[in-house]
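# Structural characterization, general
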Amino acid sequence: QVQLVESGGGLVQAGGSLRLSCVASGLTFSSYAMAWFRQAPGKEREFVAGISRSGAITTYADSVKGRFTISRDNAKNTVSLQMNSLKPEDMAVYYCAAHWTTSMARIITSRDPYSDWGQGTQVTVSS
């Protein structure tokens, strides 16, 4: 079965950086668009960043544009999220998600089409 395993979360001061990674197994990775979502306590899970099957197209939530960068390595079945200039409001559990698609360009920003999810990794930002 599909397994997504995130790593890289932790505690960082405001203004600092973290790099999250997600390793996928049990799927043909290049057939999946990938995304990162996050969920803060008491809030809905929200889209952070997404990347197309080939990695050629990316999209970001307005709140992280210019600070976060999503990338993927299809040879290593890995998707990463580089997070710079972290703010206290970025504090959340971050989830990796996979969406099988025939489209080479489409990135979906809502939760429902994503069929597979990781267990999440905690990001804590101290002010």
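Residues numbered from 1 in each chain as written. Predicted model: local features only at pLDDT ≥ 70, side-chain atom pairs only at ≥ 80, totals over all residues. Heavy atoms only, no water.

For the rest of this paragraph, the subject is the overall build of the protein chain. A tally of helices and strands in the protein chain yields zero helices and eleven strands. Ordered by position in the sequence, the α and β elements of the protein chain form the string β-β-β-β-β-β-β-β-β-β-β. Each principal axis of the C-alpha atoms in the protein chain carries an extent, and together these give about 40 × 30 × 25 Å. Put simply, the protein chain has 127 residues, and 46% of those count as buried. Taking contacts inside the protein chain between residues at least 6 apart in sequence as the whole, the part at least 24 apart equals 61%. In the form shown here, the protein chain has an accessible surface area of approximately 6,200 Å², with 47% of it arising from carbon and sulfur atoms. (Helix = DSSP H or I, 4+ residues; strand = E, 2+ residues; numbered from the N terminus. Buried < 20%, exposed > 50% of the residue type's maximum accessible area, 1.4 Å probe, protein only. Contact = heavy atoms within 4.5 Å. Areas by Shrake-Rupley, 256 points an atom, 1.4 Å probe, with all protein chains shown as cover.)

By size, the foremost hydrophobic cluster in this structure holds 30 residues, and its most contacted members are M34, W36, V79, L81, M83 and Y94. Breaking this core down by element, the ones donating at least two residues are strand 3 (18-25), strand 4 (32-39), strand 5 (46-51), strand 7 (68-73), strand 8 (78-83), strand 9 (92-100) and strand 11 (121-126). Excluding residues that lie within four positions of it along the chain, V79 makes contacts with L20, S21, C22, F29, M34, W36, I51, I70, S71, R72 and C96. If you look at the next biggest cluster of nonpolar residues, it comprises seven residues, including A35, F37, F47 and I108. (Core = buried A, V, L, I, M, F, W, Y, C linked by side-chain atoms within 4.5 Å.)

Next up on the list: the side chain of R38. Relative to the helices and strands, R38 resides in strand 4. Accessibility expressed as a relative area gives 6% for R38, which makes it buried. Side chain to side chain, R38 and D90 meet in a polar contact 2.9 Å long. Here the side chain of R38 touches Y94 through a polar contact of 2.9 Å, side chain to side chain. (Polar contact = N/O pair within 3.5 Å; in protein donor to acceptor, adjacent residues only side chain to side chain.)

Read these as spatial facts, not as claims about activity.
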